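Geometric and topological summary
Listed below, chain by chain, are the residues.
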Amino acid sequence: MIKFLDLYKINQNHKKELLQAFERVLDSGWYIMGNELKQFESNFAVYCGVKHAIGVANGLDALILIIRAYKELGLFKDGDEIIVPANTYIASILAISANNLVPILVEPDLSSYNIDSKLIEEKITDKTVAILPVHLYGQLCDMNAILEIAKKYNLKVIEDCAQSHGATNEDGTRAGNFGDAAGFSFYPGKNLGALGDAGAITTNDDKLANTLRALLNYGSHEKYKNKYKGINSRLDELQAALLSVKLEKLDQETEARREVAERYLAEINNDKLILPKINFRKSHVWHLFVLRTVERDRLYQYLLSNNIQTVIHYPIPPNKQEAYIEWSDLSYPISEQIHSEVISLPISPVISASDVSEVIRVLNEFK
Ligand SMILES: *Cc1c(COP(=O)(O)O)cnc(C)c1O
């Protein structure tokens, strides 16, 4: 079976350094809020080109905390609206709901799968406070257009970078450094993956960073003094140390993903299959290689019967989820079409060239 993603193999590649990091943390006797966290935050801030990187427990918390911090700073309030793509992974939307703000879904663009920037303005009301673009599957959104709209209407821009570590535009700006703040996930299957749950927030805003540091630690700047009703969403020393190891390999691993994607783009040739489009090579880090076909379910079974494992990202649109029953009558035809047609091929830094050839051969024989 050609696996969709071989996490074992990815992490075995770094076993020696990961074990050294583990031993360093074990022997330090210090497991929360120490030097490993400081070091990783500094490494990740440099990598993204931002002033502050703040470790948190996971990607969902990163987004929840950013919105919460803007509430504490008096910029957002209950009932305010945040614009978000209709086809994102549910976490982007949950982060808005969790703060008692209202997610306003905007249809994606069918060719990039990212939020259609031309449809944002018509959804802006006097309650809109932010746009939350998601660089879905690893490709940067149309950030020039989004930032221009945000400026015109005085909105915050909160990037969801859970799938786009290291994605870079033509002038070298990286994911996490376009908007006012960004949430990252280091869930094991993400391009920069911990060996457990982990996440981070990036921002250039000192005041926001300071508020976030308290919110993630019980609302406390100073031990036993609680300024906010905060939460515990700390990134522990062990995950931070492991992430510093993996961050060093990230660009090399992204390049390996690009090479796989470039083979798929060049060699898959079947009228039934619609391949993803990219604008600029470095703007896509290929967290997922997602193609579309009207015969998606048949293709999935066909690939499985040929020993190729694929995954659907995602099978149910957010507006059809039970959790958002209040949206069940709303219709987002482009998003719904995407959910019914997408399929994600095996892609990773460790998939072999012969496995890639086999995936291509089998796809080209799909009738
Ligand atoms: C994975 C993911 C998240 C959530 O990250 P966790 O670390 O799993 O909480 C948020 N947004 C998107 C787009 C994701 O893919």
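In this text, all values refer to a predicted model and were calculated from it rather than measured experimentally.

The immediate surroundings of the ligand are formed by Asn58, Gly59, Leu60, Tyr89, Ala91, Val134, Asp160, Ala162, Gln163, Ser185 and Lys190. In the environment of the ligand, an oxygen atom lies 2.8 Å from a nitrogen or oxygen atom belonging to the backbone of glycine 59. Note that an oxygen atom of the ligand is positioned 3.0 Å from one of the side-chain N or O atoms of lysine 190. Relative to its unbound accessible area of 380 Å², the ligand is 90% covered by the protein chains. Of the pockets mapped on this structure, the ligand occupies the largest pocket. Across the shell around the ligand, the residue classes break down as five nonpolar, four polar and two charged.

Take unusual backbone geometry next. In this structure, the amide linkage connecting histidine 313 to the following residue, tyrosine 314, adopts the cis form with an omega of 10 degrees. Look at asparagine 307: it is not a glycine, yet its phi comes out positive at around 65 degrees. By secondary structure assignment, the location of asparagine 307 is in the loop between helix H9 (296-305) and helix H10 (333-341).

Most of strand E5 (residues 156-160) sits inside the fold, with four of its five residues counted as buried. As paired elements, strand E4 (residues 128-131) and E5 share two bridges and run parallel to each other. When the bridges of E5 are listed, isoleucine 131 appears paired with valine 157. With respect to chirality, the unit in which E4 leads through helix H6 (residues 143-153) into the neighbouring parallel E5 is right-handed. In terms of strand pairing, E5 meets strand E6 (residues 181-185) through three bridges, oriented parallel. For glutamate 159, the partnering residue across the bridge sits in E6 and is alanine 182.

Another aspect to go through is helix H8 (residues 237-267). Here H8 contains 31 residues, and its C-alpha end-to-end distance of 44 Å stays within 8% of the 45 Å for a straight helix at 1.5 Å per residue. The largest bend along H8 reaches roughly 45 degrees and is located at leucine 250. The N-cap residue of H8 is aspartate 236: its side-chain oxygen and the backbone nitrogen of leucine 238 are 3.1 Å apart.

All right, on to H10 then. Turning to H10, its buried residues number three or more, namely Ser335, Ile338, His339 and Glu341. Contacts made by the buried residues of H10 are with strand E10 (289-292), H9 and strand E11 (342-345).

The next thing to look at is the UniProt feature "coiled-coil region" (unreviewed entry) in the protein chain. When the UniProt feature table is mapped to this numbering, "coiled-coil region" (unreviewed entry) covers residues 221-255. Along residues 221-255 the backbone is 54% helical and 11% strand, and the end-to-end C-alpha distance reaches 40 Å.

We now examine the nonpolar core. Within the largest apolar cluster, 68 residues are counted, with the highest numbers of intra-cluster contacts made by Phe76, Ile82, Ile158, Tyr264 and Leu345. Built from parts of two domains, this core gets at least three residues from each of domain 1 (7-243) and domain 2 (250-365). Once you skip the residues sitting within four places of it in the chain, isoleucine 158 turns out to touch Leu63, Ile66, Ile67, Tyr70, Phe76, Ala130, Ile131, Leu132, Pro133 and Ala181. Listed in part, the 40 residues of the second largest apolar core include Ile104, Phe184, Leu243 and Val285.

Before going further, it helps to spend a moment on the sheet that holds strand E3 (residues 102-106). A sheet is described by the order of its strands in space; here seven strands give the open sequence E1-E7-E6-E5-E4-E2-E3, paired in mixed fashion. The open sheet terminates on both sides in strands that have one partner only, identified here as strand E1 (52-56) and E3. The sheet shows a mean angle of 25 degrees between the axes of neighbouring strands, taken without regard to direction. Bridge count between strand E2 (residues 81-85) and E3: five bridges; the pairing is parallel. Pairing of glutamate 81 across the sheet is with valine 102, part of E3. Lying over the sheet, helix H4 (residues 59-72) contacts E1, E2, E5, E6 and strand E7 (199-203), oriented at roughly 160 degrees with respect to E6.

The next subject is the layout of surface pockets. Left-over empty space is what a probe sized like a water molecule reveals as it rolls over the atoms. One number sums up the size of the largest pocket: a volume of about 660 Å³. Residue lining of the largest pocket: 34 residues in total, with Tyr89, Ser185, Tyr187, Lys190 and Tyr314 positioned closest to the centre. Secondary structure elements with two or more residues in the lining of the largest pocket: H4, helix H5 (90-98) and E6. With four residues, H5 is the largest single contributor of residues to the lining of the largest pocket. Looking at the lining of the largest pocket residue by residue, the class counts come to 20 nonpolar, ten polar and four charged. Shared between two domains, the lining of the largest pocket holds at least three residues of each, these being domain 1 (7-243) and domain 2 (250-365). By volume, the second largest pocket is sized at about 380 Å³.

Quick notes on the rules
- Residues numbered from 1 in each chain as written.
- Predicted model: local features only at pLDDT ≥ 70, side-chain atom pairs only at ≥ 80, totals over all residues.
- Heavy atoms only, no water.
- Near = heavy atom within 4 Å.
- Polar contact = N/O pair within 3.5 Å; in protein donor to acceptor, adjacent residues only side chain to side chain.
- Areas by Shrake-Rupley, 256 points an atom, 1.4 Å probe, with all protein chains shown as cover.
- 1 Å grid on protein atoms, 1.4 Å probe; cavity = no way out; pocket = protein on both sides within 12 Å on 5 of 7 lines; lining within 4 Å.
- Sits in = over half its atoms within 2 Å of the grid points.
- Nonpolar A, V, L, I, M, F, W, Y, C, P; charged D, E, K, R; others polar.
- Helix = DSSP H or I, 4+ residues; strand = E, 2+ residues; numbered from the N terminus.
- Buried < 20%, exposed > 50% of the residue type's maximum accessible area, 1.4 Å probe, protein only.
- Pairing = 2+ DSSP bridges.
- Right-handed = clockwise from strand over helix to strand, strands pointing away.
- Expected span 1.5 Å × (residues − 1).
- Bend = angle between axes of the 7 residues up to and from the residue.
- Contact = heavy atoms within 4.5 Å.
- UniProt positions renumbered as here; feature names shortened; annotations may be inferred.
- Core = buried A, V, L, I, M, F, W, Y, C linked by side-chain atoms within 4.5 Å.
- Domains from an automatic or database assignment.
- Axes fitted to C-alpha atoms, helices over the stretch in contact; angles between N-to-C directions.
- Points joined across faces, edges and corners; volume = space filled by probe spheres on them.

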